[in-house]
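Structural overview for review
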Amino acid sequence: MIDDIVLVEDEAMANAAKNLWFEFGIAADLSGAAAVAALSEGLVSVKPGEKICAPVCGAGLPF
């Protein structure tokens with residue numbers, strides 16, 4: 001079930017992809033980092049104790 005749809009700027013996705021690479025060694029492409037970008041930018045509200053899932057995919061180039 002989908003609860004919400006948000007728009008994420010390209011720069012936010014690029015920042016999320018870079019963070020995924022440098023923090024976790026995950027080479028995600030920009031669209032693959034969109035869910036992480038939405039969370040990082042505060043576009044999705046997360047309540048305390050709420051469980052979330054942020055799918056990450058792609059085979060982006062390391063930065």
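Only a predicted model underlies this, so the values are computations on that prediction, with no experimental measurement involved. (Residues numbered from 1 in each chain as written. Predicted model: local features only at pLDDT ≥ 70, side-chain atom pairs only at ≥ 80, totals over all residues. Heavy atoms only, no water.)

**As for the nonpolar core**
In terms of nonpolar packing, the biggest core is built from nine residues, these being Ala12, Met13, Ala16, Ala17, Leu20, Ala28, Ala33, Val36 and Ala37. Breaking this core down by element, the ones donating at least two residues are helix 1 (10–24) and helix 2 (34–40). The element that contributes the greatest number of residues to this core is helix 1, accounting for five residues. (Core = buried A, V, L, I, M, F, W, Y, C linked by side-chain atoms within 4.5 Å. Buried < 20%, exposed > 50% of the residue type's maximum accessible area, 1.4 Å probe, protein only. Helix = DSSP H or I, 4+ residues; strand = E, 2+ residues; numbered from the N terminus.)

**Focus: a negative patch on the surface**
A contiguous patch of negative charge, built from Glu9, Asp10, Glu11 and Glu41, is present on the exposed surface. One can find Glu11 in helix 1. Taking the relative accessible area as the measure of exposure, Glu11 reaches 60% and is therefore exposed. (Patch = residues over 30% accessible without salt bridge, like charges linked within 9 Å, V, L, I, M, F, W, Y side chains within 5 Å. Areas by Shrake-Rupley, 256 points an atom, 1.4 Å probe, with all protein chains shown as cover. Salt bridge = Lys/Arg side-chain N within 4 Å of Asp/Glu carboxyl O. Lys, Arg positive; Asp, Glu negative; His and termini not counted. Charge placed at Lys NZ, Arg CZ, Asp CG, Glu CD.)

**Things to note about the state of the cysteines**
Evaluated as defined, the whole model comprises zero disulfides. Free cysteine: Cys53, not disulfide-bonded; nearest cysteine sulfur from Cys57 at 11 Å. Residue Cys53 is classed as exposed on the basis of its relative accessible area of 70%. (Disulfide = S-S within 2.5 Å.)

From the geometry alone we can't say anything about function, so treat these as descriptive.
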